[in-house]
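# Survey of secondary and tertiary structure
In case you want the letters, here they are:
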Amino acid sequence: MNSAAELRRSIETCRLSHVAYDEHYRWLKDRIDDALDGFSPRIEGLIGPSRAGKSMLLEALEQDYPAKRVDGVRDVPVLRVKLPPAITPKLFPAELLKALKVPIPAKVKTSGELLGRVCEQFKLAGTRVLLLDEASHFVEPGARVPPRAAGDMVKSLSDDANLSIFATGIPHLERLFQSNEQLRLRASARRMFKPYNFAEAEDRMAFAQCVRTYADLFDRYGWPIDMDFAALVKQCYFHCGGLIGVLSAFMRELCIRKRGESPRPLTLADCLDAAQRAEGTGHALHKPFQSEEVSAAELNQAYGYVLETYGLPTRGKR
């Protein structure tokens, strides 16, 4: 494997831990441990833009609590399920059974019966925590279950199976809680997984550390990014608006080199080419890597555009 291939493998397998990610990870992991220790079930919501890191967070938590067999019986303390689009009353419990690797009964006619089957299987598998990824599909236009009814399913599942449920999604997931007062009053206040704000010193340092992690990998394999580091950080922020998942996608594009190309410093033009291939925040006026200069106003606009796109408040903690 040549240096370009080694670099690409390292970039693609890099699980980037950062300040906002670690904060939410520790909180949710502690709540999982509470559930496994027998404390009362909780319903948690984690809301943020696409590519903030929510799915990666749930994947890491799932890996921390792997399924195993105990005396020939499958033990699944923590189950992660990614909800598909166009969710229906029957599709939701069917997806849960599929994730448990349990056959879906052919003779069951109603969603209520299927949910009852799910509760039985959760108890048999010792499942205490459900990680519900892409839960905002419950309240998207294509969903075939009303938000209030979806809230009833989540609430009943938590009550009947003595189950903690952690739901993640883009900001309109909040409609699931606002449409059902019983679910809302049982749930904790939603946590916000917001992008980094370059105007805040702590956020700026955390974002720069993410860029440094990637830049060090490029250096290690003989492909240094030939830019002043502070300028590189600003250009990367201009491209992604503080979303680490978008930064990661840019770095994965940048590390794709022509076959047979010898290791060399990567220039501003290389970064521009990668940024044009990678999907940024989508702002028509944001043109990163056109020059080495990015103004503070442009950086603030990149952040504000992400917040505006997802209807997030401009102030407040993550």
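This is a predicted model, so every value here is computed, not measured.

Bringing the nonpolar core into the picture now. Counting 65 residues, the largest nonpolar core has Phe 207, Phe 218, Leu 247 and Met 251 as its most contacted members. At nine residues, the largest contribution of residues to this core is made by helix α9 (residues 201-220). Those residues in contact with Leu 247 that sit more than four places away from it in its chain are Phe 207, Cys 210, Val 211, Tyr 214, Cys 236 and Cys 240. Grouped together as the second largest cluster of nonpolar side chains are 38 residues, Val 81, Leu 96, Phe 122 and Val 145 included.

All chains considered together, the criterion is met by five aromatic pairs. Relative to Phe 138, the ring of Phe 92 has its centre 5.1 Å away and its plane inclined at 75°; by these criteria the two rings are edge-to-face. On the criterion of sequence distance, the pair formed by Phe 92 in helix α4 (residues 91-99) and Phe 138 in the loop between β5 (129-133) and α6 (147-160) is long-range, its members being 46 residues apart. Centre to centre, the rings of Phe 198 and Tyr 237 are 5.0 Å apart; their planes meet at 55°, and the pair counts as tilted.

Moving on, we get to the environment of Lys 101. For Lys 101, the position within the fold is in the loop between α4 and α5 (111-125). Relative accessible area serves as the criterion here: at 65%, Lys 101 is assigned to the exposed category. Sequence separation between Lys 101 and Arg 74 is 27 residues; the distance between their C-alpha atoms is 9.7 Å.

Moving on, we get to the environment of Lys 68. Among the secondary structure elements, Lys 68 is positioned in strand β2 (residues 68-70). For Lys 68, a relative accessible area of 44% corresponds to the partly exposed category. Considered as a pair, Lys 68 and Pro 288 are 220 residues apart in the sequence and their alpha carbons are 47 Å apart. Discounting chain neighbours no more than four positions away, the residues touching Lys 68 are Val 73, Arg 74 and Asp 75.

Below, the discussion takes up the pairing of strand β1 (residues 43-47). Among the five residues of β1, five are classified as buried, and the element is accordingly described as predominantly covered. Sheet analysis places β1 next to strand β6 (residues 164-169), joined by five bridges and oriented parallel. The partner of Leu 46 across the bridge, within β6, is Thr 168. By the bridge criterion, two bridges tie β1 to strand β7 (residues 191-192) in an arrangement that is parallel. Counterpart to Ile 47 in the pairing with β7 is Met 192.

So, about empty space enclosed by the protein. Empty space left among the atoms is revealed by rolling a probe the size of a water molecule over them. All chains considered together, the criterion is met by two cavities of 30 Å³ or more. There is about 40 Å³ of room inside the largest cavity. Around the largest cavity, the lining residues are Leu 28, Glu 44, Gly 45, Leu 46, Leu 58, Phe 166, Ala 167, Thr 168 and Arg 191. Contributing elements (two or more residues each) for the lining of the largest cavity: β1 and β6. In the lining of the largest cavity, the residues fall into five nonpolar, two polar and two charged. Of the voids in this model, the second largest cavity is the one considered here, and its volume is about 30 Å³. Around the second largest cavity, the lining residues are His 18, Ala 20, Ala 52, Phe 193, Lys 194, Pro 195, Tyr 196, Gly 242, Leu 243 and Ile 244. Each residue belonging to the lining of the second largest cavity can be placed in one class, and the counts come to seven nonpolar, two polar and one charged.

Moving on, we get to unusual backbone geometry. With the exception of glycine, most residues fall at negative phi, and the peptide bonds are largely trans. The phi angle at Arg 51 is positive, at roughly 70°, despite the residue not being glycine. Within the element layout of this structure, Arg 51 appears in the loop between β1 and α3 (54-64). Using a relative accessible area of 41% as the deciding quantity, one classes Arg 51 as partly exposed. Positive phi values are uncommon outside glycine, yet Glu 134 reaches one of about 60°.

Looking at the secondary structure, you find Phe 250 in helix α11 (residues 244-254). Residue Phe 250 is classed as buried on the basis of its relative accessible area, which comes to 1%. Residues Phe 250 and Gly 72, 178 residues apart in the sequence, show an inter-C-alpha distance of 45 Å. Leaving out residues up to four positions away in the same chain, Phe 250 has contacts with Cys 236, His 239, Cys 271, Ala 274, Ala 275, Ala 278 and Phe 289.

The next subject is the side chain of Thr 127. Looking at the element boundaries, Thr 127 is found in the loop between α5 and β5. With relative accessibility at 2%, the residue Thr 127 sits in the buried group. Those residues in contact with Thr 127 that sit more than four places away from it in its chain are Val 76, Pro 77, Leu 79, Leu 100, Phe 122 and Leu 163.

Rules behind the numbers
Residues numbered from 1 in each chain as written. Predicted model: local features only at pLDDT ≥ 70, side-chain atom pairs only at ≥ 80, totals over all residues. Heavy atoms only, no water. Core = buried A, V, L, I, M, F, W, Y, C linked by side-chain atoms within 4.5 Å. Buried < 20%, exposed > 50% of the residue type's maximum accessible area, 1.4 Å probe, protein only. Helix = DSSP H or I, 4+ residues; strand = E, 2+ residues; numbered from the N terminus. Contact = heavy atoms within 4.5 Å. Phe/Tyr/Trp six-rings, centres within 6.5 Å; stacked < 30°, edge-to-face > 60°. Pairing = 2+ DSSP bridges. 1 Å grid on protein atoms, 1.4 Å probe; cavity = no way out; pocket = protein on both sides within 12 Å on 5 of 7 lines; lining within 4 Å. Points joined across faces, edges and corners; volume = space filled by probe spheres on them. Nonpolar A, V, L, I, M, F, W, Y, C, P; charged D, E, K, R; others polar.

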